[in-house]
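# Chain and residue survey
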Amino acid sequence: MSFRKGPAMARDVTLRQLEYLVAVADLGTLAAAAHATHVSTTGLAAALNELEGTVGTPLTVRRRAKGVQLTPAGRVAVERARELLTRAERLVEAVDHEVGHMRGALRVGCFTTLTPWVFPQLLDHFARRHPDVELDVGEDSSPRLVAQLRAGRRDVVVLFASHLDGHKEFTSWEPETLDREGLVVRRLHEARPRVLLPRSHRLAGRESVRLGELDGEPGILLDVDPVRKILTGVLERAGLMGNIAWSTPNANVVRNVVGRGLAWSILVGLGAGMRSPEGNELVALHIEDELPANGVVAVTLAGMAPGPKVLEALNVLTHREVLH
(Lines give C-alpha, C1' and ligand atoms only; values in the text may rest on other atoms or scores of the structure.)
Protein backbone atom coordinates (compact mmCIF):
# COMPACT_ATOMS: atom_id res chain seq x y z
CA MET A 1 0.00 0.00 0.00
CA SER A 2 1.35 3.43 -0.89
CA PHE A 3 0.39 6.92 0.22
CA ARG A 4 0.69 9.98 -1.95
CA LYS A 5 1.10 13.44 -0.50
CA GLY A 6 -1.82 15.73 -1.44
CA PRO A 7 -1.42 19.14 -3.05
CA ALA A 8 -0.26 21.99 -0.85
CA MET A 9 -3.46 23.94 -1.43
CA ALA A 10 -5.69 21.24 0.04
CA ARG A 11 -3.35 20.97 3.03
CA ASP A 12 -2.77 24.64 3.78
CA VAL A 13 -5.94 26.61 3.02
CA THR A 14 -7.98 27.00 6.22
CA LEU A 15 -11.57 28.00 6.82
CA ARG A 16 -10.32 30.83 9.00
CA GLN A 17 -8.36 32.28 6.09
CA LEU A 18 -11.42 32.06 3.88
CA GLU A 19 -13.52 33.75 6.57
CA TYR A 20 -11.04 36.64 6.68
CA LEU A 21 -11.03 36.95 2.89
CA VAL A 22 -14.83 37.12 2.75
CA ALA A 23 -14.92 39.66 5.58
CA VAL A 24 -12.45 41.89 3.74
CA ALA A 25 -14.50 41.60 0.55
CA ASP A 26 -17.70 42.54 2.39
CA LEU A 27 -16.35 45.35 4.56
CA GLY A 28 -13.66 46.87 2.36
CA THR A 29 -10.90 47.45 4.91
CA LEU A 30 -8.57 45.30 6.98
CA ALA A 31 -9.54 47.14 10.17
CA ALA A 32 -13.28 46.60 9.70
CA ALA A 33 -12.79 42.95 8.75
CA ALA A 34 -10.51 42.37 11.74
CA HIS A 35 -13.07 43.92 14.10
CA ALA A 36 -15.89 41.79 12.66
CA THR A 37 -13.89 38.55 12.93
CA HIS A 38 -12.41 39.33 16.38
CA VAL A 39 -8.77 39.26 15.34
CA SER A 40 -6.00 41.86 15.18
CA THR A 41 -5.44 43.70 11.92
CA THR A 42 -1.90 42.35 11.85
CA GLY A 43 -3.11 38.80 12.33
CA LEU A 44 -5.70 39.13 9.59
CA ALA A 45 -3.19 40.59 7.14
CA ALA A 46 -0.78 37.76 7.90
CA ALA A 47 -3.48 35.16 7.24
CA LEU A 48 -4.32 36.78 3.89
CA ASN A 49 -0.62 36.79 2.98
CA GLU A 50 -0.43 33.08 3.77
CA LEU A 51 -3.54 32.38 1.68
CA GLU A 52 -2.14 34.32 -1.28
CA GLY A 53 1.13 32.46 -0.94
CA THR A 54 -0.70 29.14 -1.01
CA VAL A 55 -2.76 29.88 -4.11
CA GLY A 56 0.22 31.51 -5.79
CA THR A 57 -1.37 34.80 -6.87
CA PRO A 58 -2.51 38.08 -5.27
CA LEU A 59 -6.16 38.07 -4.22
CA THR A 60 -6.28 41.61 -2.89
CA VAL A 61 -4.83 45.03 -3.58
CA ARG A 62 -4.33 46.88 -0.29
CA ARG A 63 -4.01 50.65 -0.20
CA ARG A 64 -4.30 52.66 2.98
CA ALA A 65 -6.27 55.48 1.46
CA LYS A 66 -8.54 53.30 -0.67
CA GLY A 67 -8.95 50.23 1.51
CA VAL A 68 -8.85 46.75 0.02
CA GLN A 69 -9.90 45.81 -3.48
CA LEU A 70 -10.19 42.31 -4.91
CA THR A 71 -8.21 41.22 -7.92
CA PRO A 72 -10.00 39.17 -10.61
CA ALA A 73 -8.61 36.03 -8.96
CA GLY A 74 -9.75 37.38 -5.61
CA ARG A 75 -13.34 37.75 -6.81
CA VAL A 76 -13.37 34.12 -7.93
CA ALA A 77 -11.79 33.05 -4.62
CA VAL A 78 -14.39 34.95 -2.58
CA GLU A 79 -17.26 33.33 -4.47
CA ARG A 80 -15.83 29.86 -3.84
CA ALA A 81 -14.94 30.75 -0.25
CA ARG A 82 -18.56 31.63 0.49
CA GLU A 83 -19.65 28.24 -0.82
CA LEU A 84 -17.08 26.37 1.27
CA LEU A 85 -17.92 28.31 4.44
CA THR A 86 -21.62 27.62 3.94
CA ARG A 87 -20.95 23.92 3.42
CA ALA A 88 -18.80 23.81 6.54
CA GLU A 89 -21.61 25.45 8.50
CA ARG A 90 -24.08 22.92 7.10
CA LEU A 91 -21.79 20.10 8.32
CA VAL A 92 -21.86 21.46 11.88
CA GLU A 93 -25.61 21.99 11.68
CA ALA A 94 -26.17 18.41 10.51
CA VAL A 95 -24.20 17.01 13.42
CA ASP A 96 -26.00 19.32 15.88
CA HIS A 97 -29.34 18.27 14.45
CA GLU A 98 -28.46 14.61 14.81
CA VAL A 99 -27.83 15.07 18.54
CA GLY A 100 -30.84 17.35 19.00
CA HIS A 101 -28.96 20.63 19.37
CA MET A 102 -29.23 23.86 17.41
CA ARG A 103 -26.69 26.69 17.64
CA GLY A 104 -24.83 29.34 15.67
CA ALA A 105 -25.94 32.35 13.65
CA LEU A 106 -29.22 32.57 11.76
CA ARG A 107 -29.04 35.55 9.38
CA VAL A 108 -32.47 36.69 8.27
CA GLY A 109 -33.11 39.62 5.94
CA CYS A 110 -36.49 41.29 6.09
CA PHE A 111 -38.28 43.93 4.07
CA THR A 112 -38.79 47.08 6.12
CA THR A 113 -42.53 46.94 6.76
CA LEU A 114 -42.46 43.23 7.60
CA THR A 115 -39.78 43.40 10.29
CA PRO A 116 -42.15 44.33 13.17
CA TRP A 117 -44.02 41.07 12.56
CA VAL A 118 -41.26 38.69 11.52
CA PHE A 119 -38.58 39.57 14.08
CA PRO A 120 -40.67 39.17 17.29
CA GLN A 121 -42.01 35.79 16.12
CA LEU A 122 -38.56 34.41 15.37
CA LEU A 123 -37.00 35.93 18.49
CA ASP A 124 -39.70 34.47 20.73
CA HIS A 125 -39.43 31.01 19.17
CA PHE A 126 -35.65 30.68 19.16
CA ALA A 127 -35.16 32.31 22.56
CA ARG A 128 -37.48 29.74 24.14
CA ARG A 129 -36.66 26.63 22.13
CA HIS A 130 -33.12 27.12 20.84
CA PRO A 131 -31.36 29.70 23.03
CA ASP A 132 -27.94 28.93 21.52
CA VAL A 133 -29.05 30.24 18.12
CA GLU A 134 -27.81 33.79 17.49
CA LEU A 135 -30.60 35.54 15.62
CA ASP A 136 -29.41 38.31 13.28
CA VAL A 137 -32.30 40.11 11.58
CA GLY A 138 -31.50 42.98 9.23
CA GLU A 139 -33.98 45.06 7.27
CA ASP A 140 -33.52 46.65 3.87
CA SER A 141 -35.15 47.11 0.49
CA SER A 142 -35.98 43.92 -1.40
CA PRO A 143 -33.34 44.30 -4.17
CA ARG A 144 -30.65 44.81 -1.52
CA LEU A 145 -31.89 41.81 0.46
CA VAL A 146 -31.70 39.54 -2.58
CA ALA A 147 -28.19 40.87 -3.30
CA GLN A 148 -27.16 40.07 0.28
CA LEU A 149 -28.61 36.57 -0.07
CA ARG A 150 -26.64 35.98 -3.28
CA ALA A 151 -23.48 37.31 -1.64
CA GLY A 152 -23.84 34.84 1.24
CA ARG A 153 -24.54 37.50 3.89
CA ARG A 154 -28.10 36.26 4.55
CA ASP A 155 -29.39 32.70 4.98
CA VAL A 156 -32.98 33.58 4.09
CA VAL A 157 -34.83 36.78 3.23
CA VAL A 158 -38.51 37.60 3.77
CA LEU A 159 -40.23 40.01 1.40
CA PHE A 160 -43.27 40.49 -0.81
CA ALA A 161 -43.76 38.37 -3.93
CA SER A 162 -44.45 41.45 -6.02
CA HIS A 163 -40.91 42.68 -5.30
CA LEU A 164 -39.35 39.82 -7.24
CA ASP A 165 -38.56 40.29 -10.91
CA GLY A 166 -41.03 38.53 -13.18
CA HIS A 167 -43.39 37.60 -10.35
CA LYS A 168 -46.76 36.16 -11.26
CA GLU A 169 -50.09 36.12 -9.46
CA PHE A 170 -49.35 35.03 -5.90
CA THR A 171 -52.40 32.79 -5.71
CA SER A 172 -51.09 30.67 -8.60
CA TRP A 173 -47.75 29.95 -6.94
CA GLU A 174 -46.84 26.51 -5.70
CA PRO A 175 -45.86 26.29 -2.01
CA GLU A 176 -42.25 26.16 -3.21
CA THR A 177 -41.10 27.56 -6.54
CA LEU A 178 -37.71 27.65 -8.26
CA ASP A 179 -37.63 30.89 -10.23
CA ARG A 180 -35.56 31.64 -13.30
CA GLU A 181 -33.05 33.67 -11.30
CA GLY A 182 -31.85 30.68 -9.28
CA LEU A 183 -33.88 31.50 -6.16
CA VAL A 184 -36.14 29.17 -4.22
CA VAL A 185 -39.30 31.07 -3.27
CA ARG A 186 -41.54 29.68 -0.52
CA ARG A 187 -45.03 31.04 -0.13
CA LEU A 188 -45.89 32.10 3.43
CA HIS A 189 -49.10 34.13 3.47
CA GLU A 190 -51.26 36.19 1.17
CA ALA A 191 -51.12 39.94 1.78
CA ARG A 192 -52.86 42.93 0.29
CA PRO A 193 -52.22 46.66 0.71
CA ARG A 194 -54.38 48.51 3.23
CA VAL A 195 -55.24 52.16 3.60
CA LEU A 196 -53.71 53.61 6.75
CA LEU A 197 -55.77 56.30 8.50
CA PRO A 198 -55.79 58.09 11.86
CA ARG A 199 -58.50 56.96 14.27
CA SER A 200 -60.05 60.43 13.96
CA HIS A 201 -60.59 60.14 10.18
CA ARG A 202 -64.14 60.25 8.86
CA LEU A 203 -63.72 56.77 7.32
CA ALA A 204 -61.99 55.18 10.32
CA GLY A 205 -65.11 53.33 11.46
CA ARG A 206 -65.35 51.36 8.24
CA GLU A 207 -63.85 47.94 7.50
CA SER A 208 -63.04 48.78 3.89
CA VAL A 209 -62.76 51.75 1.55
CA ARG A 210 -62.59 52.55 -2.13
CA LEU A 211 -59.49 54.55 -2.99
CA GLY A 212 -61.56 57.17 -4.78
CA GLU A 213 -63.09 58.12 -1.43
CA LEU A 214 -59.74 59.66 -0.45
CA ASP A 215 -59.70 62.07 -3.38
CA GLY A 216 -58.96 65.63 -2.29
CA GLU A 217 -57.02 64.57 0.81
CA PRO A 218 -53.19 64.59 1.02
CA GLY A 219 -51.34 61.29 1.11
CA ILE A 220 -47.84 60.18 2.06
CA LEU A 221 -46.05 57.38 0.20
CA LEU A 222 -43.39 54.96 1.43
CA ASP A 223 -40.47 55.64 -0.91
CA VAL A 224 -38.64 52.30 -0.79
CA ASP A 225 -37.71 50.37 -3.91
CA PRO A 226 -39.76 48.68 -5.35
CA VAL A 227 -42.76 49.69 -3.19
CA ARG A 228 -43.02 53.13 -4.72
CA LYS A 229 -43.23 51.73 -8.25
CA ILE A 230 -45.90 49.19 -7.28
CA LEU A 231 -48.03 51.61 -5.27
CA THR A 232 -47.66 54.32 -7.91
CA GLY A 233 -49.41 52.02 -10.38
CA VAL A 234 -52.23 51.40 -7.88
CA LEU A 235 -52.64 55.12 -7.19
CA GLU A 236 -52.52 56.10 -10.85
CA ARG A 237 -55.31 53.67 -11.70
CA ALA A 238 -57.39 55.20 -8.89
CA GLY A 239 -56.57 58.75 -10.02
CA LEU A 240 -54.91 59.57 -6.68
CA MET A 241 -51.26 60.05 -7.63
CA GLY A 242 -51.78 63.82 -7.63
CA ASN A 243 -52.84 63.61 -3.97
CA ILE A 244 -49.41 62.40 -2.82
CA ALA A 245 -47.95 65.37 -0.98
CA TRP A 246 -44.94 63.69 0.64
CA SER A 247 -42.78 60.60 0.38
CA THR A 248 -40.23 59.08 2.76
CA PRO A 249 -38.16 55.87 2.93
CA ASN A 250 -38.98 55.52 6.65
CA ALA A 251 -42.16 53.57 7.48
CA ASN A 252 -42.26 55.04 11.00
CA VAL A 253 -42.35 58.56 9.55
CA VAL A 254 -45.33 57.48 7.44
CA ARG A 255 -47.10 56.17 10.55
CA ASN A 256 -46.39 59.31 12.56
CA VAL A 257 -47.59 61.65 9.81
CA VAL A 258 -50.79 59.62 9.44
CA GLY A 259 -51.19 59.38 13.20
CA ARG A 260 -51.16 63.19 13.46
CA GLY A 261 -54.00 63.34 10.94
CA LEU A 262 -51.86 65.05 8.30
CA ALA A 263 -52.27 62.43 5.55
CA TRP A 264 -53.42 58.95 4.60
CA SER A 265 -51.16 56.25 3.24
CA ILE A 266 -51.11 52.74 1.79
CA LEU A 267 -48.91 50.09 3.40
CA VAL A 268 -48.67 46.33 3.46
CA GLY A 269 -47.78 44.48 6.64
CA LEU A 270 -50.28 46.10 8.98
CA GLY A 271 -52.50 44.64 11.64
CA ALA A 272 -56.14 45.58 11.92
CA GLY A 273 -55.34 48.05 14.70
CA MET A 274 -52.07 49.66 15.75
CA ARG A 275 -50.44 52.85 16.98
CA SER A 276 -47.86 55.15 15.48
CA PRO A 277 -44.44 55.37 17.17
CA GLU A 278 -45.69 58.60 18.77
CA GLY A 279 -48.62 56.71 20.30
CA ASN A 280 -51.47 57.90 18.05
CA GLU A 281 -54.05 55.26 17.19
CA LEU A 282 -54.20 54.11 13.57
CA VAL A 283 -56.62 52.00 11.59
CA ALA A 284 -55.87 49.89 8.51
CA LEU A 285 -58.80 49.42 6.13
CA HIS A 286 -59.17 46.83 3.40
CA ILE A 287 -59.18 48.26 -0.14
CA GLU A 288 -62.29 47.48 -2.19
CA ASP A 289 -60.62 48.27 -5.53
CA GLU A 290 -59.41 45.28 -7.55
CA LEU A 291 -55.72 44.77 -6.81
CA PRO A 292 -53.24 42.11 -7.99
CA ALA A 293 -52.77 39.28 -5.51
CA ASN A 294 -49.59 39.61 -3.49
CA GLY A 295 -48.07 37.76 -0.61
CA VAL A 296 -45.21 37.30 1.81
CA VAL A 297 -42.49 34.92 0.64
CA ALA A 298 -39.28 33.51 2.04
CA VAL A 299 -36.39 33.29 -0.40
CA THR A 300 -33.29 31.08 -0.29
CA LEU A 301 -30.63 30.18 -2.83
CA ALA A 302 -31.08 27.21 -5.12
CA GLY A 303 -28.41 24.54 -5.30
CA MET A 304 -28.05 23.94 -1.58
CA ALA A 305 -30.69 22.64 0.80
CA PRO A 306 -31.49 24.99 3.70
CA GLY A 307 -29.94 24.05 7.02
CA PRO A 308 -31.95 23.09 10.12
CA LYS A 309 -32.04 26.66 11.49
CA VAL A 310 -33.48 28.05 8.25
CA LEU A 311 -36.02 25.22 8.07
CA GLU A 312 -37.04 25.95 11.65
CA ALA A 313 -37.52 29.64 10.83
CA LEU A 314 -39.56 28.77 7.73
CA ASN A 315 -41.76 26.49 9.80
CA VAL A 316 -42.40 29.27 12.33
CA LEU A 317 -43.31 31.82 9.67
CA THR A 318 -45.45 29.38 7.69
CA HIS A 319 -47.59 28.27 10.62
CA ARG A 320 -48.00 31.64 12.30
CA GLU A 321 -49.64 34.56 10.59
CA VAL A 322 -47.02 37.10 9.58
CA LEU A 323 -49.78 39.61 8.93
CA HIS A 324 -52.70 39.73 11.32
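If you're wondering where the values come from, they're calculated on a predicted model, not measured in any experiment.

Now for the side chain of Thr60. Its location among the elements puts Thr60 in strand S1 (residues 60-63). Here Thr60 falls in the buried class, since its relative accessible area comes to 8%. Among the polar contacts listed, one links the side chain of Thr60 to the side chain of Arg62, at a separation of 3.0 Å. If we skip the residues at most four places from it in the chain, Thr60 touches Leu21, Glu52, Val68, Gln69, Leu70 and Thr71.

With that settled, consider the packing of aromatic side chains. One pass over the structure, following the stated rule, counts one aromatic pair. Seen from their ring centres, Phe111 and Phe160 are 5.9 Å apart, and the 75 degrees between their planes marks the pair as edge-to-face. A residue pair is termed long-range when its members are at least 10 positions apart, and Phe111 in strand S3 (residues 104-111) and Phe160 in strand S5 (residues 156-160) qualify at 49 residues. Assigned by exposure class, Phe111 and Phe160 land together as buried.

This brings us to the pattern of salt bridges. Tallied over the entire structure, the rule returns 15 salt bridges. Among the salt bridges present, the one from Asp124 reaches Arg128, with a minimum N-O distance of 3.1 Å. Here the residue Asp124 and the residue Arg128 both occupy positions in helix H6 (residues 115-129), the gap between them amounting to four residues, near one helical turn. By relative accessible area, which is 49% here, Arg128 ends up partly exposed. Arg202 is the salt-bridge partner of Glu217, the closest N and O atoms lying 2.6 Å from each other. Taken together, the residues Glu217 in the loop between strand S9 (208-209) and strand S10 (219-222) and Arg202 in the loop between strand S8 (194-198) and S9 connect sequence positions 15 residues apart. Its relative accessible area of 18% is what places Glu217 among the buried residues.

Empty space within the largest pocket amounts to approximately 1100 Å³. Residue lining of the largest pocket: 27 residues in total, with Glu19, Leu85, Glu89, Ala105 and Arg107 positioned closest to the centre. Within the residue set of the lining of the largest pocket, elements represented by two or more residues are helix H2 (15-27), helix H3 (30-37), helix H5 (72-98), S3 and strand S4 (133-140). Of the residues in the lining of the largest pocket, the class split is nine nonpolar, five polar and 13 charged.

Before going further, it helps to examine the packing of H2 against helix H4 (residues 41-55). In contact at an axis separation of 9 Å, H2 and H4 are set at 110 degrees when each is read in the N-to-C sense. The orientation of H2 relative to H4 falls into the category roughly perpendicular. Residues Gln17, Leu18, Tyr20, Leu21 and Val24 of H2 lie in contact with H4, whose contacting residues are Leu44, Ala47, Leu48, Glu50 and Leu51. Grouping the constituent residues of the contact of H2 with H4 by class yields eight nonpolar, one polar and one charged.

This next bit is on the environment of Ala23. The topology assignment puts Ala23 in helix H2. Residue classification places Ala23 among the buried positions, given a relative accessible area of 10%. The spatial distance from the C-alpha of Ala23 to the C-alpha of Val78 is 9.4 Å, given a sequence separation of 55 residues.

Its 15 residues give H4 an end-to-end C-alpha distance of 21 Å, which sits within 8% of 21 Å, the value for a rise of 1.5 Å per residue. All of the buried residues along H4 are Leu44, Ala45, Ala47, Leu48, Leu51 and Glu52. All buried residues of H4 project into a common sector of 160 degrees when viewed along the axis, lining one side. Facing away from the buried surface of H4 by more than 90 degrees, the exposed residues are Thr42 and Gly53. Its buried side turned inward, H4 meets H2, H3 and S1.

Another point: the environment of Val78. Topologically, Val78 is positioned in helix H5. Owing to a relative accessible area of 5%, Val78 belongs among the buried residues under this scheme. Taking the C-alpha atoms as reference points, Val78 and Val24, 54 residues apart in sequence, are found 9.6 Å from one another. When sequence neighbours within four positions are dropped, the list of residues in contact with Val78 reads Leu21, Val22, Ala25 and Leu70.

Take empty space enclosed by the protein next. Following the criterion strictly, the structure yields two cavities of 30 Å³ or more and no others. The volume enclosed by the second largest cavity comes to roughly 30 Å³. Every residue along the wall of the second largest cavity is listed here: Val108, Leu122, Val156, Val158, Ala298, Ala313, Leu314 and Leu317. Mapped onto the lining of the second largest cavity, the elements with two or more residues apiece are S5 and helix H10 (308-319). With three residues, the single largest contributor to the lining of the second largest cavity is H10.

Conventions adopted
Residues numbered from 1 in each chain as written. Predicted model: local features only at pLDDT ≥ 70, side-chain atom pairs only at ≥ 80, totals over all residues. Heavy atoms only, no water. Helix = DSSP H or I, 4+ residues; strand = E, 2+ residues; numbered from the N terminus. Buried < 20%, exposed > 50% of the residue type's maximum accessible area, 1.4 Å probe, protein only. Polar contact = N/O pair within 3.5 Å; in protein donor to acceptor, adjacent residues only side chain to side chain. Contact = heavy atoms within 4.5 Å. Phe/Tyr/Trp six-rings, centres within 6.5 Å; stacked < 30°, edge-to-face > 60°. Salt bridge = Lys/Arg side-chain N within 4 Å of Asp/Glu carboxyl O. 1 Å grid on protein atoms, 1.4 Å probe; cavity = no way out; pocket = protein on both sides within 12 Å on 5 of 7 lines; lining within 4 Å. Points joined across faces, edges and corners; volume = space filled by probe spheres on them. Nonpolar A, V, L, I, M, F, W, Y, C, P; charged D, E, K, R; others polar. Axes fitted to C-alpha atoms, helices over the stretch in contact; angles between N-to-C directions. Parallel < 35°, antiparallel > 145°, perpendicular 65-115°, else oblique. Expected span 1.5 Å × (residues − 1). Arc of directions from axis to C-beta.

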